[in-house]
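Results of the structural survey
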Amino acid sequence: MGLAVNPLATPSVAAATTPLLVVEDLSIEFPTERGVLRAVRGISYEIAAGRTLGVVGESGCGKSMTALAVMGLVPSHGAVGGHIRFMGTDLAGLGEAAYRRLRGSRIAMIFQEPMTALNPVIPVGDQIGEVMQLHQGLSRTAARKEAVRLLDDVGIPSPAARAADYPHQLSGGMRQRAVIAMALAGDPALLIADEPTTALDVTIQAQILELMLELQDRTGMAIQFISHNLGVVSELADEIIVMYAGRVVERATAADLFATPLHPYTRGLIATLPDLTRREVRLPTIPGGVPDPVGGMAGCRFADRCPRADAGCRVAIPPLETLATGHSVACFKAAA
Amino acid sequence: MSVVALSTAAPPPILELDKLEISFPLEGGRILRAVAGVDLTLARGETLALVGESGCGKTTLGRAVVGLYPPTAGSIRFHGQSGGTTARRAIQMIFQDPYGSLNPRLPIGEVIAEPLKIHRIGSRAERRERARELIQQVGLPVDALNRYPHQFSGGQRQRIAIARALAPEPEIIVADEPLSALDVSIQSQILNLMAALKESRGLAYLFISHDLAAVHHIADRVAVMYLGRIVELGRRDALFARPSHPYTQALIQAIPRIGQGKRRRGRAIAGDVPSPLAPPPGCAFHPRCPKAQEICRVERPVLASPAGRPDHAAACHFAD
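Just so it is clear, the structure is predicted and the values come from calculations on it, not from any experiment.

Considerations on unusual backbone geometry
Residues and elements named next belong to chain A.
- With a phi close to 55 degrees, Asp 187 is a non-glycine residue in the positive phi region.
- Considering the arrangement of structural elements, one finds Asp 187 in the loop between α7 (172-184) and β7 (190-194).
- The exposure class assigned to Asp 187 is partly exposed, which follows from the 15 C-beta atoms found within 10 Å.

Written as structure tokens, this is what we have:
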């Protein structure tokens, strides 16, 4: 890849009309002593500029691994198949150096634990400034000034003073704000957020969710928001994909998904949540647990826990099919 | 104004916390008052939820109830008595982390029988028989007794932790965030199990959680803590339908809800929880409170019943 022109540096005309991110038939496998662990089993989705895609599922469903694949950060012993196109460029063909330029600039990622992204021995202002020096070629002084502006943008009070603080001097909420500021430093077109509020208290979670919505309004960035918490995703997402055991089992607009969930897994997830407006003696449950990601299992991966499954479900894998409403579901027995 | 003891109808409390204070000395002569004067009661068969954000003192309070921390001041009385081996047997605990709370080197049968061994209850054979009963009561097969903790999922381990807590036939179980490490689809299984055990054994729970939806499901009464103090206490329905303290109102507002659509703005209260090392003067919540007035910065409100709500208590100069 040439050094002079970075095709991903500015949005092209094509990017305005095609989705920002297109993931096609992505699969991720890891060799283990017991056999091949199939973390992601052929998933496809798109995110348009300025929109938020919620990715919902339980531990081991492949939602975080999918995000790492977009970032080009799948551990090196993993095999990644399929295509990931960002602003029209196939990321599979990107060299390591070009990928590094892309990460932290046009695609940024934030994690559940802000300390994983922060260096404990460097003041937060300097860490953000470093990103600006690296990706925007700013001088040290200009970068430091910009860092303070970004800390202000993400709602950190007395940003100039806080810029000199080390990460441990900030509260959990303030740390996550600082990480968001660092992500914004590269002016991302896509922000991937993996459970960014899970470690936070509920009032602080509400603040961070509001901040993300506000920043999206201001910058027009797209967000891929990964969470196990349906309520959180519901408040942020335009569209949602539900993942189960490495596959997308349902995809719909947020409104459709919660109004008319079609897959028995999605229906189960929603039903098991305690609700403030009703109180049953017994909550509905989904029996059993998620299947072993190693080794094969014929048919639908949810069949063993599914109230609707029959013999047919254990033979063939239901494809993700899109209905006339635009709502997609991978189930032979989907509720209509 | 006097502090209201919210006695729950008829049954006398089996557990009484009276002006309980738990402080920790820190280096430099500073003192962390994790629990700063709490009055609470728990009746037989009752579920009292203790909610609040990190640093509010709820975990410290729960650990003090099971005897892990001695009171710095005030008292914890179980059937009228302070401390003692009876309380230690009859008040058991389950923890948030089902991975860290089980000894990885013991087979499950011994994990469950351990509290019996510690309290010298029963013979070896009797303890083994008891473990057999308990493992089935928490919904696991008997052959689980010969396996080791790492062979189980998070939800199964929490069932094992519950079986262990049940072994010495406790009257009270202190459950500290028992759901938060579990997957969504597993949480409802554990909530149902806890409800069924309460029903069949007349257990009382001190259910410590930041998850208000789970609290709404399981609690009879709810106590809301902020910086070491109870700021609101009431029956579950009243507390959720008509929260009295601005902090409780903010907590309920902040619960993410499904299906209400994107962008419901302006529900977040500003600011962080202040350090318990330097609680704000007056009402500790005043720097974040939308209702705060001059008096809130100066005078700490006591926990008292708002007008016309004898069954409810809030510590706020402007309680609803």
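That covers the picture; the talk isn't over yet.
Here's the deal with the interface of chain B and chain A
- Listed by partner, the interface residues are 35 residues for chain B and 43 residues for chain A.
- The biggest single contributor to the side of chain B that touches chain A is helix α6 (residues 184-201) of chain B, with 6 residues.

Things to note about the pairing of strand β10 (residues 247-253) of chain A
Residues and elements named next belong to chain A.
- Burial analysis of β10 places 6 of its 7 residues in the buried class, which makes it a mostly covered element.
- Bridge count for strand β9 (residues 239-244) against β10 is 6 bridges, and the pairing is antiparallel. When the sheet's bridge partners are listed, Met 243 is paired in β10 with Val 248.
- Hairpin connection of β9 to β10: 2 residues between the antiparallel strands, including Ala 245 at a positive phi of 50 degrees.
- The sheet contact formed by β10 and strand β12 (residues 328-329) spans 2 bridges and is antiparallel. The residue of β12 that forms the bridge with Arg 251 is Ser 328.

Overview of the confidence of the model for chain A
Residues and elements named next belong to chain A.
- Chain-level pLDDT for chain A is 90 on average; 95% of the residues reach the 70-or-more range.
- Predicted confidence in chain A is weakest over helix α1 (residues 13-17), with a mean pLDDT of 47, and strongest over β12, with 98.
- A low-confidence stretch, residues 1-7 (pLDDT under 50), is modelled with 5 contacts involving residues beyond four sequence positions or located in other chains.
- Below pLDDT 50 for its whole length, residues 9-16 participates in 9 contacts with residues either more than four positions away or in separate chains.

Focus: helix α9 (residues 246-254) of chain B
- Among the residues of α9(B), Pro246(B), Tyr247(B), Thr248(B), Ala250(B), Leu251(B) and Ala254(B) are the ones counted as buried.
- Where α9(B) is buried, its residues contact α8 (202-219) of chain A together with α7 (212-218), β9 (221-226), β10 (229-235) and α8 (236-241) of chain B.

Focus on the nonpolar core
- Ala181(A), Leu190(A), Ile112(B), Leu206(B), Val224(B) and Ile230(B) are the most contacted members of the largest nonpolar core, which totals 195 residues.
- Here this core gets 8 residues from one element, more than from any other, and that element is α7(A).
- Excluding residues that lie within four positions of it along the chain, Leu190(A) makes contacts with Leu20(A), Leu21(A), Ile47(A), Arg106(A), Ile107(A), Met221(A), Ala222(A) and Gln224(A).

Remarks on the sheet that holds strand β5 (residues 81-82) of chain B
Residues and elements named next belong to chain B.
- The sheet built from 4 strands is open, its strands ordered β2-β1-β4-β5 with antiparallel pairing. Across the chains shown, the open sheet's two edge strands, defined by having one partner strand only, are β2 (31-43) and β5.
- Where helix α1 (residues 58-65) meets the sheet, its contacts fall on β1 (13-25), β2 and β4 (73-78), and the angle it forms with β2 comes to roughly 60 degrees.

Side note on the environment of Pro276(B)
All names here are of chain B.
- When you line up the elements, Pro 276 lands in the loop between α9 and α10 (294-298).
- The spacing of Pro 276 and Leu 227 is 49 residues in sequence and 5.9 Å in space, taken between C-alpha atoms.
- The contacts of Pro 276, once residues within four sequence positions are left out, are Leu 32, Arg 33, Ala 34, Gly 55, Leu 227 and Gly 228.

Some thoughts on α7(A)
Residue and element names in this part refer to chain A.
- In a regular helix each residue adds 1.5 Å, so 13 residues correspond to 18 Å; α7 covers 18 Å between its end C-alpha atoms and thus fits that length.
- Within α7, 12 of the 13 residues are buried, leaving the element largely enclosed by the surrounding structure.
- For α7, every residue scored as buried is listed here: Gly 173, Met 174, Arg 175, Gln 176, Arg 177, Ala 178, Val 179, Ile 180, Ala 181, Met 182, Ala 183 and Leu 184.
- Tucked inside the fold, the buried residues of α7 contact β6 (107-110), α4 (124-136), α5 (140-153), β7 and α8.

Focus on the packing of α8(A) against α9(B)
- Where α8(A) meets α9(B), the closest approach of the two axes is 9 Å, and the angle between their N-to-C directions is 55 degrees. By the angle between their axes, α8(A) is oblique relative to α9(B). Pair α8(A) / α9(B) crosses with left-handed handedness. Two secondary-structure elements touch here, α8(A) through Val202(A), Thr203(A), Gln205(A) and Ala206(A) and α9(B) through Ala250(B), Leu251(B) and Ala254(B).
- Across the contact of α8(A) with α9(B), the residue classes tally to 5 nonpolar, 2 polar and no charged.

Structural notes on the sheet that holds strand β5 (residues 89-90) of chain A
All names here are of chain A.
- Judged by pairing direction, the sheet is antiparallel, and its 4 strands sit side by side in the order β2-β1-β4-β5 without closing on themselves. The sheet terminates laterally at β2 (35-47) and β5, the two strands that pair on one side only.
- The sheet contact formed by strand β4 (residues 79-86) and β5 spans 2 bridges and is antiparallel. Within the sheet, the bridge partner assigned to Arg 85 lies in β5 and is Asp 90.

So, how was this worked out
Residues numbered from 1 in each chain as written. Chains lettered and ligands numbered in written order. Predicted model: local features only at pLDDT ≥ 70, side-chain atom pairs only at ≥ 80, totals over all residues. Helix = DSSP H or I, 4+ residues; strand = E, 2+ residues; numbered from the N terminus. Buried ≥ 20, exposed ≤ 12 C-beta atoms within 10 Å, placed from the backbone. Contact = placed C-beta atoms within 7 Å. Pairing = 2+ DSSP bridges. pLDDT = per-residue confidence, 0-100. Core = buried A, V, L, I, M, F, W, Y, C linked by C-beta atoms within 7 Å. Axes fitted to C-alpha atoms, helices over the stretch in contact; angles between N-to-C directions. Expected span 1.5 Å × (residues − 1). Parallel < 35°, antiparallel > 145°, perpendicular 65-115°, else oblique. Left-handed = near helix turned anticlockwise from the far one by under 90°. Nonpolar A, V, L, I, M, F, W, Y, C, P; charged D, E, K, R; others polar.

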